[in-house]
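# Structural features, examined
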Amino acid sequence: MNITAFLAALRSNPDKPISLLLPDGGFIPAHFHITEVGHVMKRFIDCGGTRRTLETCLLQTWVHDDLDHRLLAGKLAAIFDKAGDVLPHHDLPVEIEYEDYVVAQFPVESAEIIDGALTFRLGLKHTDCLARGICLPGECAPAPKAAPAQCCTPGSACC
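The notes below deal with the structure included here. Numbers given to residues run from 1 along each chain, matching the order in which its sequence is written. The predicted origin of the model limits local features to residues at a pLDDT of at least 70 and limits the giving and counting of side-chain atom pairs to 80 or more, whereas totals for whole chains, interfaces and linings rest on all residues. Working from all heavy atoms in the structure, the side-chain values ignore hydrogens and water.

Below, the discussion takes up the pairing of strand E3 (residues 51–63). In summary, the side chains of a regular strand alternate between the two faces of the sheet. As paired strands, strand E2 (residues 32–45) and E3 are joined by 13 bridges and run antiparallel to one another. From the neighbouring strand, Arg43 faces E3, where its bridge partner is Thr53. Here, a strand pair is defined by DSSP locating no fewer than two bridges between the strands. To qualify as a helix, a DSSP run of H or I must reach at least 4 residues; to qualify as a strand, a run of E must reach at least 2; elements of each kind are numbered from the N terminus. Connecting E2 to the next strand, E3, in antiparallel fashion are 5 residues, including Gly49 with a positive phi near 95°. Direction of pairing for E3 relative to strand E4 (residues 94–100): parallel, over a ladder of 4 bridges. Residue Cys57 lies in a different strand from E4, and its bridge partner there is Val94.

What follows is the structure, encoded as structure tokens:
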């Protein structure tokens, strides 16, 4: 889900509390705080030598012992409004950062009303080899924007 869709869900339900549904079916505790709205840009070179970038809007959650705290959708929309030029555009995918023994990031997949709360379903992130066409014969690598997929044909000695 990108920022535009995320904000549309918030603004359509300003008086609803927000809940965050983890991929395992559990929830981030309802008294979470959003402590950061950030633009994260990762620039890297994959193992095949292709330069890549990855950009996201990262919302950091924090759970404290303030058990009565509840974040309403309208309040989170107002926090986004303060972000201004921190977010370069609203096409960025939204991810939630949550710590439960380790810090993990979850992409926001969808929004729906569940038990009176605006519930954002969170998905999983996975690692991948982005240079499969170079590293693994017979496979194609995911192509960066505006570039063709790179494939390694068995017997071509490209690997």
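Further remarks concern the pattern of salt bridges. For this analysis, a salt bridge means a side-chain nitrogen from Lys or Arg found within 4 Å of a carboxyl oxygen belonging to Asp or Glu. With the rule as written, the count across this model stands at 4 salt bridges. Here Asp81 and Arg11 are joined by a salt bridge, their closest N and O atoms 2.4 Å apart. One end of the pair, Asp81, is in helix H2 (residues 73–83); the other, Arg11, is in helix H1 (residues 3–12), and 70 residues separate them in sequence. Accessible area is worked out with a 1.4 Å probe on protein chains only. A residue is then buried under 20% of its type maximum, exposed over 50%, and partly exposed in between. Look at Asp81 and you get exposed, because its relative accessible area is 53%.

A few words now on the nonpolar core. As used in this record, nonpolar core signifies buried Ala, Val, Leu, Ile, Met, Phe, Trp, Tyr and Cys residues forming a set joined through side-chain atoms within 4.5 Å. In this structure, Phe6, Leu10, Ile18, Cys57, Leu59, Phe80 and Phe120 are the most contacted members of the largest nonpolar core, which totals 30 residues. Where this core is concerned, the elements lending two or more residues are H1, strand E1 (18–21), E2, E3, H2, E4, strand E5 (102–114) and strand E6 (117–122). Those residues in contact with Cys57 that lie beyond four places of it in its chain are Ile3, Val37, Gly38, Phe80, Leu87, Leu92, Pro93, Val94 and Glu95. Any pair of residues with heavy atoms lying within 4.5 Å of one another is described as a contacting pair.

Spatial strand order, E1-E6-E5-E4-E3-E2: 6 strands in an open sheet with mixed pairing. Looking at the sheet topology across the chains shown, the edges are occupied by E1 and E2. Here the average twist between neighbouring strands, direction ignored, is 40°. Sitting on the sheet, H1 is in contact with E1, E3, E4, E5 and E6, with an inclination near 155° to E6. Axes, fitted as lines to C-alpha atoms, cover a helix only where it is in contact. Angles between the N-to-C directions of the axes lie from 0 to 180 degrees. Seen against the sheet, H2 touches E1, E2, E3 and E6 and runs at an angle of roughly 45° to E2.

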